[in-house]
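# Inside the fold
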Amino acid sequence: MGLGGPAAAFIVAGLLIALSLPLLLTIWIRPVVASDAERTEPGTARQELLDGLRCIRRHRLIGPLVVAGAIWERGLTGPLNVGMVLLNAERGWGPSGYGWILSSFSAGAAASAALLAIAGWLPRAGLLMAGTLLVGCAGAAAIALVPTLWLAVMLAAVIGLNAGVFGSLDNALIQTAADPAYLGRVTSASCSPWSVSPPSYPLVGAAIGAWGAAPVFVASLGVAIALASDAVRQAELPRQQPHVTF
């Protein structure tokens, strides 16, 4: 966007999306055969969603995980997508500065995925998830206070790194704790708060217009929910047993 303007940015985005289509066609999904105990009568999409929400509400671990993740997502997406544009305008960093910040955030998230893939298993997953959420929230609040672009870029990398670890652990704990018969419904219901993030954009813009960028770049309520739950703090991921073929 900084070099070619909005038109060039949208053309590149369209080409990247087009590139993903042939990659999706190469994916082969193995059919899953449910046991008799796990088979349920198919219902409407509304019934499936309500079943997933009821399962989330009753579960002492999945419930706090979903709420913390939803608050973090809604508290970060709006400021990052809308507030960062306004913050760049306030600081005079321009479109290229906005691009550097988002690229740094994405690089941090990608690095977290690579680190988790190498580590394979992390101890005290629930407590570590809450810790990375806390660091990510602190970084999101601090990025609106730094005076220079390079500091904002460094903080964006820290936020992305911690957001990637938090998101991966949050999803992994939800999927391992969910009953196999409800795994699809719980996963779909836990993703539903992400679909209502865009309506928060006008509120974020109005809040920044009223109070400035700094107060809006705070999403620490999810940390309180995660740390207040004993089930989350004590949650562990199962160790993956190596598969040996003779």
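The notes below deal with the structure included here. Keep in mind the model is a prediction, meaning the values are calculated, not measured.

Calculation criteria
Residues numbered from 1 in each chain as written. Predicted model: local features only at pLDDT ≥ 70, side-chain atom pairs only at ≥ 80, totals over all residues. Heavy atoms only, no water. Helix = DSSP H or I, 4+ residues; strand = E, 2+ residues; numbered from the N terminus. Buried < 20%, exposed > 50% of the residue type's maximum accessible area, 1.4 Å probe, protein only. Contact = heavy atoms within 4.5 Å. Areas by Shrake-Rupley, 256 points an atom, 1.4 Å probe, with all protein chains shown as cover. Expected span 1.5 Å × (residues − 1). Core = buried A, V, L, I, M, F, W, Y, C linked by side-chain atoms within 4.5 Å. Axes fitted to C-alpha atoms, helices over the stretch in contact; angles between N-to-C directions. Parallel < 35°, antiparallel > 145°, perpendicular 65-115°, else oblique. Left-handed = near helix turned anticlockwise from the far one by under 90°. Nonpolar A, V, L, I, M, F, W, Y, C, P; charged D, E, K, R; others polar. Patch = residues over 30% accessible without salt bridge, like charges linked within 9 Å, V, L, I, M, F, W, Y side chains within 5 Å. Salt bridge = Lys/Arg side-chain N within 4 Å of Asp/Glu carboxyl O. Polar contact = N/O pair within 3.5 Å; in protein donor to acceptor, adjacent residues only side chain to side chain.

Moving on to the overall build of the protein. A count of helices and strands for the protein gives 11 helices and zero strands. Every one of the 246 residues in the protein was classed for burial, and the buried ones make up 35%. Nonlocal contacts in the protein, meaning residues at least 24 apart in sequence, comprise 82% of its contacts between residues at least 6 apart. Of the roughly 14400 Å² of accessible surface on the protein, a fraction of 69% belongs to carbon and sulfur atoms.

What follows is about helix H5 (residues 125–142). Since the α-helix packs 3.6 residues into each turn, any two residues three or four apart lie on the same face. Between its first and last C-alpha, H5 extends 26 Å over 18 residues, near the 26 Å set by a 1.5 Å rise per residue. Those residues of H5 lying buried are Ala 125, Gly 126, Met 129, Ala 130, Thr 132, Leu 133, Gly 136, Cys 137, Gly 139 and Ala 140.

Time to look at unusual backbone geometry. In the Ramachandran plot, Arg 124 falls in the positive-phi region, its phi being about 50 degrees despite a non-glycine side chain. Structurally, Arg 124 can be placed in the loop between helix H4 (94–119) and H5. For Arg 124, a relative accessible area of 45% puts it in the partly exposed group.

On to the nonpolar core. Counting 42 residues, the largest nonpolar core has Trp 72, Ile 101 and Ile 143 as the members making the most contacts within it. Where this core is concerned, the elements lending two or more residues are helix H2 (45–58), helix H3 (62–91), H4, H5, helix H6 (149–177), helix H7 (183–191) and helix H11 (230–233). It is H6 that contributes the most residues to this core, 11 residues altogether. The residues contacting Ile 101, other than those within four sequence positions of it, are Met 84, Asn 88, Trp 93, Ile 143, Leu 149, Ala 152, Val 153 and Ala 156. Among the nonpolar cores identified, the runner-up in size contains five residues, and Val 82, Val 204, Ala 207 and Ile 208 belong to it.

Here the focus is the packing of H5 against H6. As a packed pair, H5 and H6 sit with axes 8 Å apart at the nearest point and diverge in direction by 150 degrees. Comparing their axes, H6 and H5 come out roughly antiparallel. Crossing angle aside, the handedness with which H5 passes H6 is left-handed. Across the interface between the two elements, Ala 125, Gly 126, Leu 128, Met 129, Thr 132, Leu 133, Val 135, Gly 136, Gly 139, Ala 140 and Ala 142 from H5 touch Leu 155, Val 158, Ile 159, Asn 162, Val 165, Phe 166, Leu 169, Asp 170 and Leu 173 from H6. Here the residues of the contact of H5 with H6 are counted per class, giving 14 nonpolar, five polar and one charged.

Moving on, we come to a nonpolar patch on the surface. Together, Val 12, Leu 16, Leu 19 and Leu 23 give the surface a local cluster of nonpolar side chains, amounting to about 400 Å² of exposed area. Relative to the helices and strands, Leu 16 is located in helix H1 (residues 5–25).

Right, let's talk about the packing of H4 against H6 for a bit. In the contact formed by H4 and H6, the axes pass within 7 Å of each other and the chain directions differ by 35 degrees. In the crossing of H4 with H6, the sense of the turn from one axis to the other is right-handed. Where H4 abuts H6, its residues Gly 97, Trp 100, Ile 101, Ser 104, Phe 105, Gly 108, Ala 109, Ala 111, Ser 112, Leu 115 and Leu 116 lie against Leu 149, Ala 152, Val 153, Ala 156, Ala 157, Ile 159, Gly 160, Leu 161, Ala 163, Gly 164, Val 165 and Ser 168.

Attention now goes to the side chain of Ser 112. Mapping Ser 112 onto the fold places it in helix H4. What makes Ser 112 buried here is its relative accessible area of 1%. Here the side chain of Ser 112 touches Ala 109 through a polar contact of 2.5 Å, landing on its backbone oxygen.

Secondary-structure assignment places Thr 132 in helix H5. Given a relative accessible area of 8%, Thr 132 falls into the buried group. Those residues in contact with Thr 132 that lie beyond four places of it in its chain are Asn 162, Val 165 and Phe 166.

This part takes up the environment of Ile 101. Tracing the chain through its elements places Ile 101 in helix H4. Judged by its relative accessible area of 0%, Ile 101 is buried. When the C-alpha positions of Ile 101 and Met 154 are compared, they lie 8.1 Å apart, and in sequence the two are 53 residues distant.

Let us look at the pattern of salt bridges. Scanning the entire structure with this criterion turns up one salt bridge. Linking Glu 90 and Arg 91 is a salt bridge whose minimum nitrogen-to-oxygen distance equals 3.7 Å.

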